[in-house]
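# Architecture and fold: a report
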There are 2 protein chains.
Amino acid sequence: MDVLEAIMQTFWDKIKANHLEGLESLTTIGIEREAQRVDTQGHLALSDHPASLGDRAFHPYLQTDFAESQTETITDTHVGVTAVMEQLQGLTATLARALPKDERLWLQTMPPVLPGDLATVPVAHPSPERLAYRQKLIGATGDVRQQMMSSVHLNLSLPETLFERLYEAEDFGGQAPDYVTYRNQIYVHLSQQWLLHRSVITYLFGASPLANSADYPDAPKQPVRSLHSSRQFGYHNPDDVQVRYSSAEAYANDIAAAVQSGSLISAANYYGGVRLRGENLTQTGIEYLEFRDFDLNPFVVTSLSPEELQFVVDYVWFLFSQPMLEANEVTKKLTQAATDNERMAMADPFSPAQNLVPFFDEMAEWLNAQQPSAPRVAAFTAMQDRILHPEQTPAARLTTLIQASEYQHAGLQLADELTQSLTAEPYLLPGYTDMEQSTQMLIEDSYRLGLKVDLLDRDDQLVQLTLQDHQEWVRAGNETRLDSLVVSRLVDDKLATKAVLGAAKLPVARAAVYHDWASARADFVGSFLNKSIVVKPKSSNVGAGVTIFAVPPAEADFKRAFDFAHEYGDVLVELFIKGTEYRFFVVGDQVRAILERIPANVVGDGQHTIAELVDKKNQDPRRGDAHRKPLQTLRLEDRQLQVLASQGLTPDSVPLRGHQAFLLTNSNISTGGDSYDVTDEMDASYKKLAVQASQALQQTISGVDIIIPNLYVPYEPDKGMATIVESNYNPAMFMHLFPYMGEPRRVTLDVITTLFPELPESGASFEA
Amino acid sequence: MDVLEAIMQTFWDKIKANHLEGLESLTTIGIEREAQRVDTQGHLALSDHPASLGDRAFHPYLQTDFAESQTETITDTHVGVTAVMEQLQGLTATLARALPKDERLWLQTMPPVLPGDLATVPVAHPSPERLAYRQKLIGATGDVRQQMMSSVHLNLSLPETLFERLYEAEDFGGQAPDYVTYRNQIYVHLSQQWLLHRSVITYLFGASPLANSADYPDAPKQPVRSLHSSRQFGYHNPDDVQVRYSSAEAYANDIAAAVQSGSLISAANYYGGVRLRGENLTQTGIEYLEFRDFDLNPFVVTSLSPEELQFVVDYVWFLFSQPMLEANEVTKKLTQAATDNERMAMADPFSPAQNLVPFFDEMAEWLNAQQPSAPRVAAFTAMQDRILHPEQTPAARLTTLIQASEYQHAGLQLADELTQSLTAEPYLLPGYTDMEQSTQMLIEDSYRLGLKVDLLDRDDQLVQLTLQDHQEWVRAGNETRLDSLVVSRLVDDKLATKAVLGAAKLPVARAAVYHDWASARADFVGSFLNKSIVVKPKSSNVGAGVTIFAVPPAEADFKRAFDFAHEYGDVLVELFIKGTEYRFFVVGDQVRAILERIPANVVGDGQHTIAELVDKKNQDPRRGDAHRKPLQTLRLEDRQLQVLASQGLTPDSVPLRGHQAFLLTNSNISTGGDSYDVTDEMDASYKKLAVQASQALQQTISGVDIIIPNLYVPYEPDKGMATIVESNYNPAMFMHLFPYMGEPRRVTLDVITTLFPELPESGASFEA
């Protein structure tokens, strides 16, 4: 036993002695998950990979594996369980939503019904090189069946601090290895333990009990835990590929030799239960371990639940507490472990695994010694339950489902359910629902198109998007490099905005600010006499101190309104313009969406009361809490009752058929307003006006509010046909994405394609 | 009497009937004021117009009139008295501060001592065309003396609403004139009245009682009210130039004829007491009136006080109440008025003018009928006092001054005083002292260089700068088009900033944010064990919840600090870096200024107590209220006493010679900190680092804070020689402009030249 092996015997004690147990939460994790696409009958989809999913030449997240139908979802590496699971959720939803309407995600390890002629399965063709490699994989037989299974791979690396601290603290007694060798040995230790206890994972995570008998006539008719994890049916290399796990060197040499001898097409073709990964295993050392044993859990959209992943991380750390195998017994013990695993894989999923209980008890003790957090305890308990109750394993549950109906039907039912759960609420991106809704949609679009997404500040909605060497920051959905700081200040300032728009000869309502009554009175006659006006505090947003004179006021009335507003500071007087206000969402020199917003209301049918009509309107599944739904639930509270009363109505009134009753006077969507997309209806002349306003204010992305009496009549200057109210920076996008009525406008996508004009057009034309 | 003349008889009644009196406050005013430059002996400056005052080819504000030494200050037109006076103040200060140290502004109508050989007076040469015109003005004699007098011109226009409302309301009885003719008639009425009562203005504003006898041997030896306003000595045209004021047509025709006959060189050469101005007087009509009668009030830097201007505006409106002259008596009456005015101009300035009293009584009655504002009453009262007390007229006051010493000496004394009052506080721009100080300096630099300045929102420090067709917005001194909205968000976010700088391989202190103790504890060992750290709330700026561990804490201490900060939300833990923090002001790819800030302190002399040393340091005229001074007065209050106590000191302690005693621990200038410019001392490698940080964050104008242990030792990576703390948007500029010690850096100018790279270099290299 050399010095390193000796050290590994008490490795966990060293971690404890150096107080490094806490680093468990800093484990870095990346996930790759394959899954087939199927048609609505549960047959393998023969279509191309969706064009809307960007370009596989660079897509970092959504790729294909062996078959064109076999999607591969790849997360970034993240520190900790939560972050990586959130991204996998988001990517999975993005993937499901990008599928054609007649396709589903088959989130299972064993494939759906394959074409009768296996040679017709389309091999993925992201590039000619990949196609050639994959054709080589199946060889002359054209038997794609092994490659058609899907699995989950986990890439785990331990925090570098762990190695550094231990290396520093270790007493090597004059035989100090170099740092890379030391770190390699730790990873080798973990790999050995993983393989040694491989049957634990197969028991807990096996989920391929049965195959479609027509496609896999040789597979057992009785359910097993995992066809995929068995050497007999799952991925396996020829017998002459023997890879040792006694050291990084041995591992690397064995794989190199197998490739050289032609037993392996390439290193990527080695299907061991764990792979040692790194640029150069002996020089720069092992950087992470790739665990390849996982069947897809068919009951969760991420194919591995957060609980399961938390358990795996803890399990890996627990393996440190096992004494390292002596070098000369590694091969023997791992061979035995492989045999054990084969037995476990091919066992009845309902059979108990009593032999695992002591090992789990040991792990329970290990965990409890660490004051584990609640999620860690919950994760362990759930897996312990599977040990004690085999019927709770995914293999058993899936068996029950298949046996209750039939392979194809059961699988289709699961595919329908999971796909439905991912697409039912397109206004939320799973994994990111704590963020602003427009940022959620921006992230979904970015994921779809293959932009790398980094959350620079999740709470502040600040994301970084990267495409090759091109990097952009976006905050709150559309604050970008393309709009300047000073313009955001300018457009926040009503008078300055009017000054700039006025100088550009664009139509604005006359307005003025006064410090005192003397100047207001003086100007009143000249500017506002006999005009409808609004009198309000210059810098109030809450509606306090506002008087609207739809009928032009006498001086005495104006004075009262002035004094009222003056209590809050300087007073703004503005012409009151009649007409409908439209929101133009402008990007660059184009209007991308136009919305009309109508205050919360119901329309009578001549039969139902207002209260009943409100209930009915609230049944729209899009209504709810406006932070999680596109539209807000209507209410009948004090404010609404007042507004109804002003129309001579109560909740018990029955409005005439087609007559509208308003519940509020403001048109905000967040208080129940209805949004109508009128992008196509609006006369082009007003779009031009909105673009002119945006450009006069030097804005790239803007929300221009224009009052227009008749949107069908082309604009002519100086005839009161349009009045620009204001132009907003960081304009709301969500209401355009999910309007109450009319065409949805994917303006988040416009932001992205404006920031990344180099994006291929195919994905950018996607309509959600 | 035609219909228009008839209307004008009761013009004021019509204004009253239509409630339009209040429009007085909307009178639009522009001012032009000439003033000579002199040397420190009171001799005319023979130097060129200062090169730092930009390019006269386009300068909208600071020009030259006849002589190269004769500055002309031109305001924009403004609504109301206050705004135009503020600009004139600011422009005058800008002008005075741009003069060479050995020159003064001679703010008087009569010129300073001229060269013995008048032919050596340099004629202004902004362009060959102007030079040729001016040489033609003085003719073959080369006698420049008339042209060397300076005056104030007022351009007044009445609010267009006044004309529109009256025209609309008028009953013309079937003989309605067109609108332009109607408006012209109103302006003609005003012009007639102005000339009819010209002696009032000469009495009130005359301020050229005496001339330098060597230069003007023909001038009276006894003082008069206004040499400049007299036909005999002031500006005048040849007798054959007779211009009628009976109508706009007559006026235009007479001037055209005089130019054609050669009696006038050009229309600009007509020196009537009032000019009718407009593109085309008969087609588009009179747009404004130019009143040319004003001597420079030598006692105010603006040459016309706000009170005097308010009076003039009221006076013009009062003239409306006078019946219009009948057409056939205009010439006769105005000839008589000219004779009266000549007598007034040449009268003893101490002689009373009883004949004006009834007219003033009438105006008093007119004014009182209008519930005038306090400033209007004060303005009228001040002028009424001049009527009742001739010794209060500027002419009399200047006479007293000259007679007490001598023409040259008295004038020089005034020039010294006025120039001193404009330059003593270079950190304030008169007329704009309510604004942020850096914006004041930005405006001064813009005025100096000839950028048109518009205050889009004065309260919000939002200005528009224009050079020809090029327009820029600047808020708070340096928020511009050149910095993006999203970057301002990014740099406000400490962790995101670190992420971006870290990715660019720039040195930042490790930091992390934690939601809970479990993750903080886990990371603590890996990231911060045995390190000096700061533990603080993620989003607190007030210093609450902060613990600094200069000595690395044990876990229990860390836990206490965590809990303390956690009361305010998420907790930020950051490495605590020792060293001095420097502020780098970066514009584009250059560091423009570097400042070291030292907390409020005194340095002992071995004799005085701390209290005495504080008093002494406070005697620096630059210390005061930090919103009006570059440095803040030091205080000795509770906080300071605590800080002294922590050093074992009290206000009565006597520090050793050269020993520094700190009054506070924070280094803000606004709490009495000292600022040291170290731009030249700092090793270039750190400047490069600051620029790299600014560019990695995609900033154009930034304030990068870097901790550097030794500013003289060139930076090397990964050796702890520099730690970038943060990079600010909208960085403070004022402290660089007026540091406590070291070279001032005019960074406001850097902002301007970056926005306007087309500016000529001469002005841009100016150092204030």
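If you're wondering where the values come from, they're calculated on a predicted model, not measured in any experiment.

Attention now goes to the domain arrangement of chain A. All names here are of chain A. Taken domain by domain, chain A consists of domain 1 (452–484), domain 2 (510–575) and domain 3 (580–755). Once you take the C-alpha centre of each, domain 1 and domain 3 turn out to be 28 Å apart. Together, the buried faces of domain 1 and domain 3 total about 960 Å²; carbon and sulfur atoms form 57% of this surface. When the area that domain 1 buries against domain 3 is broken down by residue, the three leading residues are Asn478, Leu482 and Asp483, summing to 55%. Where domain 1 meets domain 3, there are zero salt bridges. Classifying every residue of the side of domain 1 that touches domain 3 gives three nonpolar, four polar and five charged.

Rotating chain A by 180° and translating it 0.1 Å along the rotation axis places it on chain B, where the RMSD comes to 0.1 Å. Here the copies are linked by what is in effect a two-fold axis. Interface overlap between copies: 100% of the residues of chain A at the interface are likewise at the interface in chain B, consistent with a symmetric, same-surface contact.

Next up on the list: the sheet that holds strand S17 (residues 590–598) of chain A. Residues and elements named next belong to chain A. Taken in spatial order, the five strands of this open sheet run S22-S17-S16-S23-S24, and their pairing is antiparallel. The open sheet has two edge strands with one neighbour each: strand S22 (674–677) and strand S24 (723–728). Geometrically, the sheet is characterised by an average inter-axis angle of 25° between neighbouring strands, direction not taken into account. Sheet strands in contact with helix H25 (residues 747–755) are strand S16 (580–587), S17 and strand S23 (701–708), and its direction is about 155° off that of S17.

Below, the discussion takes up the pattern of salt bridges. Under the counting rule described, the total for this entry stands at 87 salt bridges over all chains. A:Lys498 serves as the salt-bridge partner of A:Glu574, at 2.6 Å between the closest nitrogen and oxygen. One end of the pair, A:Glu574, is in strand S15 (residues 571–575); the other, A:Lys498, is in helix H18 (residues 494–503), and 76 residues separate them in sequence. On the basis of relative accessibility, which here comes to 7%, the residue A:Glu574 falls in the buried class. Among the residues examined, A:Lys498 registers a relative accessible area of 9% and is labelled buried. Close ionic contact of B:Glu68 with B:Arg56 constitutes a salt bridge, the shortest N to O distance being 2.8 Å. Separated by 12 residues along the polypeptide, B:Glu68 in the loop between strand S2 (62–64) and strand S3 (70–74) and B:Arg56 in the loop between strand S1 (28–39) and S2 bring together distant segments of the chain.

It is worth spelling out the interface of chain A and chain B at this point. Of the residues lining the interface, 48 residues belong to chain A; the matching set on chain B comes to 48 residues. The three residues of chain A that bury the most area against chain B are A:Trp473, A:Leu485 and A:Val486, which together make up 18% of that side's buried surface. Applying the counting criterion to the chain A and chain B interface returns four salt bridges. Run the count over chain A and chain B and you get six residue pairs in polar contact (both at pLDDT 80 or more). Every element with two or more residues in the side of chain A that touches chain B is listed here: helix H6 (160–169), strand S9 (452–457), strand S10 (462–467), strand S11 (470–475), helix H17 (485–491), H18 and helix H19 (517–528) of chain A. Counting residues per element, the side of chain A that touches chain B draws most heavily on H17(A), at six residues.

For the rest of this paragraph, the subject is the nonpolar core. Of all hydrophobic cores here, the largest spans 147 residues; its most connected members are A:Trp194, A:Phe294, A:Phe311, A:Tyr315, A:Trp317 and A:Phe320. Setting aside residues up to four positions removed in sequence, A:Phe320 forms contacts with A:Phe11, A:Trp12, A:Ile15, A:Leu158, A:Leu162, A:Ile186, A:His189 and A:Leu190. By size, the runner-up hydrophobic cluster in this structure holds 146 residues, among which are A:Val525, B:Leu20, B:Tyr315 and B:Phe756.

The next subject is the environment of A:Arg104. Residues and elements named next belong to chain A. Here Arg104 is to be found in strand S5 (residues 103–106). For the pair formed by Arg104 and Asp416, sequence separation is 312 residues and the distance between their alpha carbons is 6.6 Å. Excluding anything up to four places from it in sequence, Arg104 contacts Gln36, Arg37, Val38, Thr40, Leu99, Ala415, Asp416 and Thr419. Within the structure, the side chain of Arg104 is placed 3.1 Å from the backbone oxygen of Lys101, a separation counted as a polar contact. Only 2.6 Å separates the side chain of Arg104 from the side chain of Asp416, close enough to count as a polar contact.

Moving on, we get to the packing of aromatic side chains. The tally for this structure, following the rule as stated, stands at 60 aromatic pairs over all chains. Put simply, the rings of A:Trp12, A:Trp194, A:Phe205, A:Phe291, A:Phe294, A:Phe311, A:Tyr315, A:Phe318, A:Phe359, A:Phe360, A:Trp366 and A:Phe380 touch in pairs and so form one group of aromatic residues. One Lys or Arg, B:Arg145, reaches over the ring of B:Tyr216 and ends 5.6 Å from the middle of that ring. Lying over the aromatic face of B:Phe299, B:Arg397 brings its terminal NZ or CZ to 3.9 Å of the ring centre.

Its 16 residues place the ends of helix H10 (residues 330–345) of chain B 22 Å apart at the C-alpha level, agreeing with the 22 Å of an ideal helix rising 1.5 Å per residue. Against helix H6 (179–196) and helix H7 (198–205) of chain B lie the buried residues of H10(B).

Attention now moves to the sheet that holds strand S11 (residues 470–475) of chain B. Across the sheet, which stays open at both edges, the three strands sit in the order S9-S10-S11 (chain B) with antiparallel pairing between neighbours. For this open sheet the edge positions go to strand S9 (452–457) and S11 of chain B, each flanked by a neighbour on one side alone. Across the sheet, the mean angle from the axis of one strand to that of its neighbour is 25°, orientation sign disregarded. As paired strands, strand S10 (residues 462–467) of chain B and S11(B) are joined by six bridges and run antiparallel to one another. Bridge assignment links B:Leu462 to a residue of S11(B), and that residue is B:Arg475. Taken strand by strand, H18(A) contacts S9, S10 and S11 of chain B, and its axis lies near 135° from that of S9(B).

Moving on, we get to the pairing of strand S24 (residues 723–728) of chain B. Residue and element names in this part refer to chain B. Most of S24 is tucked away, with five of its six residues classed as buried. Where strand S23 (residues 701–708) lies against S24, five bridges are found, and the strand directions are antiparallel. For Ile707, the partnering residue across the bridge sits in S24 and is Thr723.

Calculation rules
- Residues numbered from 1 in each chain as written.
- Chains lettered and ligands numbered in written order.
- Predicted model: local features only at pLDDT ≥ 70, side-chain atom pairs only at ≥ 80, totals over all residues.
- Heavy atoms only, no water.
- Domains from an automatic or database assignment.
- Buried area = accessible area lost by both parts, 1.4 Å probe.
- Salt bridge = Lys/Arg side-chain N within 4 Å of Asp/Glu carboxyl O.
- Nonpolar A, V, L, I, M, F, W, Y, C, P; charged D, E, K, R; others polar.
- Least-squares fit on C-alpha atoms with pLDDT ≥ 70 in both.
- Contact = heavy atoms within 4.5 Å.
- Pairing = 2+ DSSP bridges.
- Helix = DSSP H or I, 4+ residues; strand = E, 2+ residues; numbered from the N terminus.
- Axes fitted to C-alpha atoms, helices over the stretch in contact; angles between N-to-C directions.
- Buried < 20%, exposed > 50% of the residue type's maximum accessible area, 1.4 Å probe, protein only.
- Polar contact = N/O pair within 3.5 Å; in protein donor to acceptor, adjacent residues only side chain to side chain.
- Core = buried A, V, L, I, M, F, W, Y, C linked by side-chain atoms within 4.5 Å.
- Phe/Tyr/Trp six-rings, centres within 6.5 Å; stacked < 30°, edge-to-face > 60°.
- Lys NZ or Arg CZ within 6 Å of the ring centre and 35° of its normal.
- Expected span 1.5 Å × (residues − 1).

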